[in-house]
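Here are the chains, one letter per residue:
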Amino acid sequence: MTSHLAEYFTLMAVFALAAITPGPDFAMVVRQSVVHGRRAGIVTSLGVGSAMLFHASYTLAGIGLLVAHSLLAFNILKWLGAAYLVYVGVKTFRAPAMSMDIDAQPAAAASISGVPMSDARSFGLGFLTNALNPKAVLFFLSLFGTLVSADTPIAMQVGYALSMSALLMGWFTLVSFFFTGRAVRAQLARAGRWFNRLTGGALIALGVRLALQRAHSAA
């Protein structure tokens, strides 16, 4: 039991460091929080965290090895993820300047498109951003393959995955709260359209970077 506890804390420590490193998930949550308000940011965070359970399910079933060792599977996932990030990035880049009511509650902030984003769409954006990232797939596989013993019971491994999902949801929820705070929103409102161009450009760049990613671990 002591060994499993040490294994758990080691796994969570490594994962926490990876989770707070800015990447596609971070860019998407920030974009959702600022453009569509706190609620959209939090729901997007739940989508990102839920994708971890998706990764865990096929990893524990052994299907994840297909992506890790198949160049074709890796490339299909890579191009889907890259196209998705570029698509969202282009839409964000071309969006009109934000019109914020700084005195309004962050959760009630209007969408820059004038149409509030549904919870289902916000959740889907977060889920797909993480689920379609082959780097997330390979990271999860390598993390479990390196730090989790083959003797660890499946039930305990599921517990690990649930903890990782909860940690990811919690972290990005904090990010959502930060970027919908009054002071931060005031600064971003002054940035106007430049925020859309910056975040849109970041998403496009991440998509291009993903497209150029090579499957170093593919056989």
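Thresholds, definitions, all that
Residues numbered from 1 in each chain as written. Predicted model: local features only at pLDDT ≥ 70, side-chain atom pairs only at ≥ 80, totals over all residues. Heavy atoms only, no water. Phe/Tyr/Trp six-rings, centres within 6.5 Å; stacked < 30°, edge-to-face > 60°. Buried < 20%, exposed > 50% of the residue type's maximum accessible area, 1.4 Å probe, protein only. Helix = DSSP H or I, 4+ residues; strand = E, 2+ residues; numbered from the N terminus. Expected span 1.5 Å × (residues − 1). Salt bridge = Lys/Arg side-chain N within 4 Å of Asp/Glu carboxyl O. 1 Å grid on protein atoms, 1.4 Å probe; cavity = no way out; pocket = protein on both sides within 12 Å on 5 of 7 lines; lining within 4 Å. Points joined across faces, edges and corners; volume = space filled by probe spheres on them. Nonpolar A, V, L, I, M, F, W, Y, C, P; charged D, E, K, R; others polar.

Caption draft 1: Spatial organisation of the packing of aromatic side chains. One pass over the structure, following the stated rule, counts seven aromatic pairs. Taken together, a centroid distance of 5.4 Å and an interplanar angle of 70° make the contact between Y8 and F9 edge-to-face. Given a relative accessible area of 23%, Y8 falls into the partly exposed group. For F9, a relative accessible area of 51% puts it in the exposed group. A ring pair is formed by F123 and F127, whose centres lie 6.4 Å apart and whose planes are at 15°; its orientation type is stacked.

Caption draft 2: Region of interest: helix α2 (residues 24-36). Helix length check: α2 (13 residues) gives 17 Å between terminal C-alpha atoms against 18 Å at 1.5 Å per residue, within 8%. Counting buried positions over the 13 residues of α2 gives 12, a clear majority of the element. Of the residues trailing α2, G37 is marked for its positive phi of about 100°.

Caption draft 3: Representation of the pattern of salt bridges in the model. This structure, assessed with the given rule, holds one salt bridge. Here R39 ties to D119 by a salt bridge, and the two come within 2.6 Å at their closest N and O atoms. Within this pair, whereas R39 is found in helix α3 (residues 38-60), its partner D119 is found in helix α6 (residues 119-131), the two being separated by 80 residues in sequence. When its relative accessible area of 32% is taken as the criterion, D119 is described as partly exposed.

Caption draft 4: Representation of empty space enclosed by the protein within the structure. A full pass over the atoms with the stated rule returns one cavity of 30 Å³ or more. Counted as a void, the largest cavity has a volume near 30 Å³. Lining of the largest cavity is provided by G81, Y84, L85, L128, T129, L132, N133 and L210. For the lining of the largest cavity, the secondary-structure elements that each account for two or more residues are α5 (71-93) and α6. Broken down by element, the residue count for the lining of the largest cavity peaks at three residues, all from α5. Of the residues in the lining of the largest cavity, the class split is five nonpolar, three polar and no charged.

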